[in-house]
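# Fold and contact review
Single-letter residue listing:
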Amino acid sequence: PPDERRGRGWSLLVGRHIGGALRYCGIVELGITRDLLHTLEANVEMLTRPVSPFEGYQPKGAFFFKPRLQAMVRHIGWTESGMLREAMFKHLTN
């Protein structure tokens, strides 16, 4: 939860819809701002969920949100395994 993570680096686990499922496609660490953290903290009760929304990917120690917000991310491409390369957070949309 946000109050337990203060002082540590933040990252977003991101995914994309493929074949009707939300698939994990990487971690975004660059571009995470205080404004984004405040937005997530303000909606934490409404958006939290106990397990990963990603089909087939259940990382330990992560804090999950319902996939209701869309993160716009800039990146330089995709790996052969479908992961983002050098992703940077730009903004959230609904």
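Residues numbered from 1 in each chain as written. Predicted model: local features only at pLDDT ≥ 70, side-chain atom pairs only at ≥ 80, totals over all residues. Heavy atoms only, no water.

### Points about helix α2 (residues 34-42)
Listing the buried residues of α2 in full gives Leu-36, Leu-37 and Leu-40. All buried residues of α2 lie within an arc of 100° about the axis, which places them on one face of the element. Exposed residues lying more than 90 degrees from the buried face of α2 are Arg-34, Asp-35 and Ala-42. At its buried positions, α2 is contacted by β1 (12-18), α3 (44-47), β4 (64-65) and β8 (88-93). (Buried < 20%, exposed > 50% of the residue type's maximum accessible area, 1.4 Å probe, protein only. Helix = DSSP H or I, 4+ residues; strand = E, 2+ residues; numbered from the N terminus. Arc of directions from axis to C-beta. Contact = heavy atoms within 4.5 Å.)

### Comments concerning the packing of aromatic side chains
For the coordinates displayed, the defined rule picks out four aromatic pairs. A ring pair is formed by Tyr-24 and Phe-54, whose centres lie 5.6 Å apart and whose planes are at 70°; its orientation type is edge-to-face. Note that Tyr-24 is positioned in strand β2 (residues 21-28) and Phe-54 in the loop between β3 (48-49) and β4, a separation of 30 residues in sequence. Neither residue differs from the other here; Tyr-24 and Phe-54 are each classed as buried. Look at Phe-63 and Phe-65: their rings are 5.3 Å apart centre to centre, the planes differ by 85°, and that puts the pair in the edge-to-face class. Among the aromatic residues, those joined into a cluster by ring pairs are Tyr-24, Phe-54 and Tyr-57. (Phe/Tyr/Trp six-rings, centres within 6.5 Å; stacked < 30°, edge-to-face > 60°.)

### Description of the nonpolar core
With twelve residues, the main nonpolar core is built from Leu-12, Val-14, Cys-25, Val-28, Leu-36, Leu-40, Val-44, Leu-47, Phe-65, Leu-84, Ala-87 and Phe-89. Beyond its immediate sequence surroundings of up to four residues, Val-14 is in contact with Arg-23, Tyr-24, Cys-25, Gly-26, Val-28, Phe-54 and Leu-84. (Core = buried A, V, L, I, M, F, W, Y, C linked by side-chain atoms within 4.5 Å.)

### Quick look at unusual backbone geometry
Trans peptide bonds make up the majority, and among non-glycine residues the majority have a negative phi. The residue Glu-86 is not glycine, and still its phi comes out positive at about 45°. Note that Glu-86 resides in the loop between β7 (84-85) and β8. Residue Glu-86 is classed as exposed on the basis of its relative accessible area, which comes to 62%.

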